[in-house]
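Residues per chain, in single letters:
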Amino acid sequence: MNVDAHCFDEHLLITPYESLEEYAQLERISMTFRSWLRHAFAMPSESAKPTERQLEIVERLAREVARRELTTPAIAFLEMSRPLNYLGSQALHFFQPIATAVLNPHDYSEFAEFLGRRDSIDWMIEKVNESEAEFTKSATQKKPTSNRELNDSSSNE
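Notes on the structure in this doc start here. Throughout, a residue's number is its position along its own chain's written sequence, starting from 1. The predicted nature of this model means local features are confined to residues of pLDDT at least 70 and side-chain atom pairs, given and counted, to a pLDDT of 80 or more, with totals for whole chains, interfaces and linings taken over all residues. Note that water and hydrogens are dropped before the side-chain values are worked out from all heavy atoms of the structure.

Description of helix α7 (residues 120-142)
Alright, step 1. Only runs of H or I of at least four residues qualify as helices and only runs of E of at least two qualify as strands under DSSP, and these elements are numbered from the N terminus. What a helix is expected to span follows from its residue count: subtract one and scale by 1.5 Å. Its 23 residues place the ends of α7 33 Å apart at the C-alpha level, agreeing with the 33 Å of an ideal helix rising 1.5 Å per residue.
Alright, step 2. Here the buried face of α7 lies against α2 (52-67), α3 (71-80), α4 (85-94) and α6 (105-115). Any two residues having at least one pair of non-hydrogen atoms within 4.5 Å are treated as being in contact.

As structure tokens, then:
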């Protein structure tokens, strides 16, 4: 049986939207949902600097890393752990009762709060690089530059 296209009634066709207004309303809801979803897991940017106490703790840690000449592994570790810095701060808060038996409780909690910041890894990498530059500069100033200085230092001992 051959059915012509003009025999169909238009009101029998199924359309997803009854009217143009309904379509516009659903489109607005969809756009609102998309914009919400786009920023659903975004953390607010923290333009404020860390506290002086937090910077002091990070600088002390960075100096120790530079003194032990572990700058490259430390930076690689920090870059790899960047997505997990907030989770790491929560782990520090979890282990605080145990860790503060050995460590300074105030410094420990300040460092855990610092790690909760979105920009904490950038601050730490910056301080590690600065400490390495200072350590390298002081190490090259202390090294004897000629054989005569080397002989003078060995004869004094």
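Overview of unusual backbone geometry
Alright, step 1. Not every positive phi belongs to a glycine, and E69 is a case in point at roughly 60°.
Alright, step 2. Within the secondary structure, E69 is located in the loop between α2 and α3.

Here we look at the side chain of S89
Alright, step 1. Note that S89 resides in helix α4.
Alright, step 2. Look past the residues within four positions of S89 in its chain and what remains in contact with it is A112, L115 and G116.

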